[in-house]
Amino acid sequence: MAAQEIESGTSWGKELWDQFDNLATHTQKGIDFFERFGNFIRDRSAIEVEYALKLRRLVKNYQPKKSKEDEENEFSSLIAFKNVLKEVADLAGQREVVAENLQNQVLQNIMLLSKILREERKKALNQGAGLTQSLHTQIGTLDRAKRSYEKAFREAEKAIESYHKADADFHLSRADVEKQRVNMNIRNSQSEDAKSEYANQLQITNKQQQQHYQIALPEVFNKLQELDEKRTRGMKEFIKRAADVEYEVSPIIARCLEGMVKAADSINEKDDSMIVIEKYQSGFQPPGDIPFEDLSKSDPDASNNSQTHNSSTGLNHMTGKGTTKDKLKKRVGIFGIFTGNKKILEACINVKNNLSTDGLKEDFSDLPPTQRRKKLTAKVQELQQKVAQEQAASDGLMKMKGVYEANSMLGDPRTVEEQLNESVNRLDRLRHELGRYQKLLEQANNQTFIQHSPQSNRVTQNGQRSSRHSNGSSNHENSHEDNGEDHPDDAGSLSSSASPESGLGTSHTSLPGSGQGSTNEQPMNEEYYEAETPLGTCRALYPFDATSEGSIPMSEGEELQVIEVDQGDGWTRVRRFSSKGWEEGFVPTSYIECTLYA
């Protein structure tokens, strides 16, 4: 292989035979540059880690706070934003994958190859230095042999010249001439020996020099060329590998971006508007026309009635706009002291005792009709789930007791008897509470409620206007049946507003004629709920997997019967026919498109 490279003229050993120092410098710079590329990969990996960390911190900082109410009625824009945050978190995860792969698959290999290249370079340079030193030593030996030969040759010439002078001088004896001849022969012999040594060293030096520049040193240079090409090839491979690390996560990143676009497309401003309606709809109708006040009629009570009406109207106005629920309750207590009505005080005490932990009454009678039905439905579903869980626990204890009674070796049945009794008691309490709320829900669904706000509950009696809540005496004259509900809106309350803001207006759970209004009240509209007769049809806009008790799955485009409209909780009760027969259950209202019968 090396011979072929030399013949082709592409090897350093042939073309750069005299550039040992430059090649040593070049390879050193190449390895330094390669390690600098490794440092670049390391710093880029650190930036990816920092970027991922900042993305995760960003998601955490902007994560919407969870609340039970928001979970029930989440706007599509909020859901979309949560999905966007989720996709951004996934993007952060992909940046972490990029950083990890750059560390493990690129940077570590760069450092390993750099170490190998440095070792190979050091070995090749040491070998080349040894060869060069050996050649320089041989050249030094040749120089010494040459100098010896030159010295011997000059001495031999001088001896020959001395001999010729002595032989031509007739004044010298034969002995002196013989002495010069012997010295000449000795010098000639030494000159010939030095010449032979010089010729021999010259031959050795030429051979070694030829071997050095044509074979030994080219091999060293070819090794340097090989390791430099290996470094260059490694640079190429690692740049590609770094790009491949990005390519590997790009499909996932693309899916994250697609998820963001999908989240944006899921935003529906109309659905969000409907959620606002479902969230805040009171169920009351706007107030009717205010009757005309004929001041020309002389009536001794007109001024009093007018003042009473003005104060009541002003209070209603204040309640509807600027008075909170807590402030209004305080007003009721203060004015109740001045009226001296014991029933008002008792009603206030009952309201306080019947408040739940969230500030609402246990029967939610202080809420508007629609919101009350929504809360009662959620409460019934919650109690049904608790009853089912407690029933399962009781059944398990009963089975365990039976097993213990059948085989006393397994355990003592008396050990589970106490737990079973407690479970049965809890189950009875839950069922009792469930029946109570089911009764309240049934009353809320079937009751008739006033279709206009209590601000219009001023009626005309004998040509004079009067307010139902003007004095706190008329409504207490009538008794009403106690249906397990609290009626905090008995007469004597200063607020006649039943808006969601006041919370102390006319109770929508009151039955007609129960003291909640005059006998001359305007006609009331009635709402009836029929469980069996379909109210219309609906089409599934999206597929839905039933994951909670009481719900049923549906596929996109499926037609179903509507048997109960949304009561403000975001669920619609539907019915469909399947292989198992008729199935009923709840589906999300936002997942369907309803067409109700006229």
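You'll find the structure just up there.
Rules of the game
Residues numbered from 1 in each chain as written. Predicted model: local features only at pLDDT ≥ 70, side-chain atom pairs only at ≥ 80, totals over all residues. Heavy atoms only, no water. Helix = DSSP H or I, 4+ residues; strand = E, 2+ residues; numbered from the N terminus. Buried < 20%, exposed > 50% of the residue type's maximum accessible area, 1.4 Å probe, protein only. Areas by Shrake-Rupley, 256 points an atom, 1.4 Å probe, with all protein chains shown as cover. Pairing = 2+ DSSP bridges. Core = buried A, V, L, I, M, F, W, Y, C linked by side-chain atoms within 4.5 Å. Contact = heavy atoms within 4.5 Å. Phe/Tyr/Trp six-rings, centres within 6.5 Å; stacked < 30°, edge-to-face > 60°. Lys NZ or Arg CZ within 6 Å of the ring centre and 35° of its normal. Expected span 1.5 Å × (residues − 1).

A. Structural context of the overall build of the protein chain. Helix and strand content of the protein chain: 12 helices and 7 strands. Counting only residues that meet the buried cut, the protein chain has 37% of its 598 residues in that class. Accessible surface, the protein chain as shown: approximately 36300 Å² in total, 52% of it carbon and sulfur.

B. How the structure looks around the pairing of strand β6 (residues 581–588). Judged from the 8 bridges that link them, strand β5 (residues 571–578) and β6 form a sheet pairing that is antiparallel. Residue pairing in the sheet places Phe-577 in a bridge with Trp-582 of β6. Between β5 and β6, which pair antiparallel in sequence order, lie 2 residues.

C. A look at the nonpolar core. If you look at the biggest cluster of nonpolar residues, it comprises 38 residues, and the most contacted ones within it are Ile-41, Leu-102, Ile-110, Phe-221, Leu-224 and Phe-238. For this core, the secondary structure elements donating two or more residues are α3 (20–62), α5 (76–168) and α6 (174–265). Among the elements that line this core, the one with the most residues is α5, at 14 residues. Residue contacts for Ile-41: discarding those within four places in its chain leaves Leu-102, Val-106, Leu-107, Ile-110 and Ala-242. Residues Leu-376, Val-380, Leu-383 and Leu-427 belong to the second largest nonpolar core, which totals 13 residues.

D. Broad picture of the packing of aromatic side chains. Tallied over the entire structure, the rule returns 10 aromatic pairs. Aromatic pair Phe-544 and Tyr-591: ring centres 5.8 Å apart, planes at 80°, arrangement edge-to-face. With Phe-544 in the loop between β3 (536–540) and β4 (559–564) and Tyr-591 in the loop between β6 and β7 (592–596), this pair connects stretches of sequence that are 47 residues apart. Assessed through its relative accessible area of 10%, Phe-544 is described here as buried. Joined through ring pairs, the aromatic side chains of Tyr-542, Phe-544, Trp-571 and Tyr-591 make up one cluster. Here the basic side chain of Arg-436 rests over the ring of Tyr-437, its NZ or CZ set 5.3 Å away from the ring centre. The cationic tip of Arg-575 hangs over the ring face of Trp-582; the distance from NZ or CZ to the ring centre is 5.6 Å.

E. Inspection of helix α12 (residues 414–446) at higher detail. The end-to-end C-alpha distance of α12, which contains 33 residues, comes to 48 Å, matching closely the 48 Å that a straight helix rising 1.5 Å per residue would cover. Within α12, burial applies to Val-416, Leu-420, Ser-423, Leu-427, Leu-430, Leu-434, Tyr-437, Leu-440, Leu-441, Ala-444 and Asn-445. Buried residues belonging to α12 abut α11 (369–406).

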